[in-house]
Amino acid sequence: MRRCDELQTWFAEYLGQVLPAHQRRELEDHLSFCPTCSQLLAAERRLDQLLAAQPLATPSPDFTLQVLARIHRDGTNRVDW
Amino acid sequence: MSAELELVQRCARGDQLAFAELVEGHKVMVFTIAWRLLRDRGEAEDLAQEVFLRVFRGLPSFRGEAKLSTWIYQIAYRACLEELQKPHRRQQYVSLDENARELPFADPGPGGVDLSQTLDHYLSKLPPHYRMALTLYYLQDRKYQEIAAVMELPVGTVKTYLHRAKAWLREHVVEERCAR
């Protein structure tokens, strides 16, 4: 029988629904009688939601123009824009 | 030919609109990577621009063996690591490496009950490679292969980084807060 700490390394793939079926069954069997791992999984699920909800960062509206200007300024362009 | 490779070839031929299209398509992700690793908006913006300069210079060598996004995020990650290596940016991070996991971490956190603020605080304490793995995991639809390709690491190492980072964050952000 696997130890708790070994099974806990499967949490991320379990929550991401990519854990292979036989490992998922083994983990779910374990969770049915291990309150420690069940609590940890609940905490990991909450963390997972928080991390997934982190917003993307948006650069300034003229970002693309600034990049094109830098290419001209730095003489990076090998072609005549 | 894929639409991606066609776009790259148009850029390489000097099509300014094509390059603007390439930047538009990837700027949010590149800026998000820079922002999450550098944690300063102005510096992230400057570095993200530098990334696209490097992309522009490197376009002739892009052969389409990797996805264009993988190649661009790889350039962004390398640029961030270079920036973080600079002496004035040296910062203390929590060590999650195997041999140092038992070291105490004396940081009371920001207090309060806002979990997302608490998460942000503790994320800033993670070493950059752990933060990068987490960033890509949630923004790249949890695809380990993609993360491994961007970070130039084996998939197993990526999984280890994610497991350690999440276990540490879970302990400091969720369990401690919920126990208060």
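Residues numbered from 1 in each chain as written. Chains lettered and ligands numbered in written order. Predicted model: local features only at pLDDT ≥ 70, side-chain atom pairs only at ≥ 80, totals over all residues. Heavy atoms only, no water.

1. Some points on the nonpolar core
(1) Moving on: With 72 residues, the main nonpolar core has F19(B), L22(B), L126(B) and L169(B) as its most contacted residues.
(2) Moving on: Looking at this core, the element that brings in the most residues is helix α2 (residues 16-38) of chain B, giving twelve residues.
(3) Moving on: Membership of the second largest hydrophobic core comes to twelve residues, among which are L7(A), L15(A), C34(A) and L40(A). (Core = buried A, V, L, I, M, F, W, Y, C linked by side-chain atoms within 4.5 Å. Buried < 20%, exposed > 50% of the residue type's maximum accessible area, 1.4 Å probe, protein only. Helix = DSSP H or I, 4+ residues; strand = E, 2+ residues; numbered from the N terminus.)

2. Details of the state of the cysteines
Residues and elements named next belong to chain A.
(1) Moving on: The full count for this structure, using the stated rule, is zero disulfides over all chains.
(2) Moving on: Cysteine C4 shares no disulfide, and the gap to the nearest cysteine sulfur, in C37, comes to 3.8 Å.
(3) Moving on: By relative accessible area, C4 is classed as partly exposed at 30%. (Disulfide = S-S within 2.5 Å.)

3. Considering the interface of chain B and chain A
(1) Moving on: Counting residues at the interface gives 45 residues for chain B and 37 residues for chain A.
(2) Moving on: Between chain B and chain A, roughly 3,900 Å² of surface is buried when both sides are summed, and carbon and sulfur atoms account for 64% of that area.
(3) Moving on: Notably, a salt bridge pairs R70(A) with E50(B), separated by 3.2 Å at the nearest N-O pair.
(4) Moving on: Only α2, α3 (41-58), α5 (115-123), α6 (128-139) and α8 (155-179) of chain B provide two or more residues apiece to the side of chain B that touches chain A.
(5) Moving on: Here the side of chain B that touches chain A takes eleven residues from α2(B), the largest share from any one element.
(6) Moving on: Considering only residue class, the side of chain B that touches chain A consists of 23 nonpolar, six polar and 16 charged. (Contact = heavy atoms within 4.5 Å. Buried area = accessible area lost by both parts, 1.4 Å probe. Salt bridge = Lys/Arg side-chain N within 4 Å of Asp/Glu carboxyl O. Nonpolar A, V, L, I, M, F, W, Y, C, P; charged D, E, K, R; others polar.)

4. Points about the domain arrangement of chain B
Residues and elements named next belong to chain B.
(1) Moving on: By domain assignment, chain B separates into domain 1 (3-89) and domain 2 (115-179).
(2) Moving on: Taking only C-alpha atoms, the centre of domain 1 and the centre of domain 2 are 22 Å apart.
(3) Moving on: If you look at the interface, domain 1 gives 14 residues, while domain 2 gives 15 residues.
(4) Moving on: Between domain 1 and domain 2 the total buried area reaches about 1,400 Å² when both faces are included, carbon and sulfur atoms providing 60% of it.
(5) Moving on: Ranking the residues of domain 1 by area buried against domain 2 places R36, R39 and Y77 at the top, with a combined share of 39%.
(6) Moving on: Applying the counting criterion to the domain 1 and domain 2 interface returns three salt bridges. (Domains from an automatic or database assignment.)

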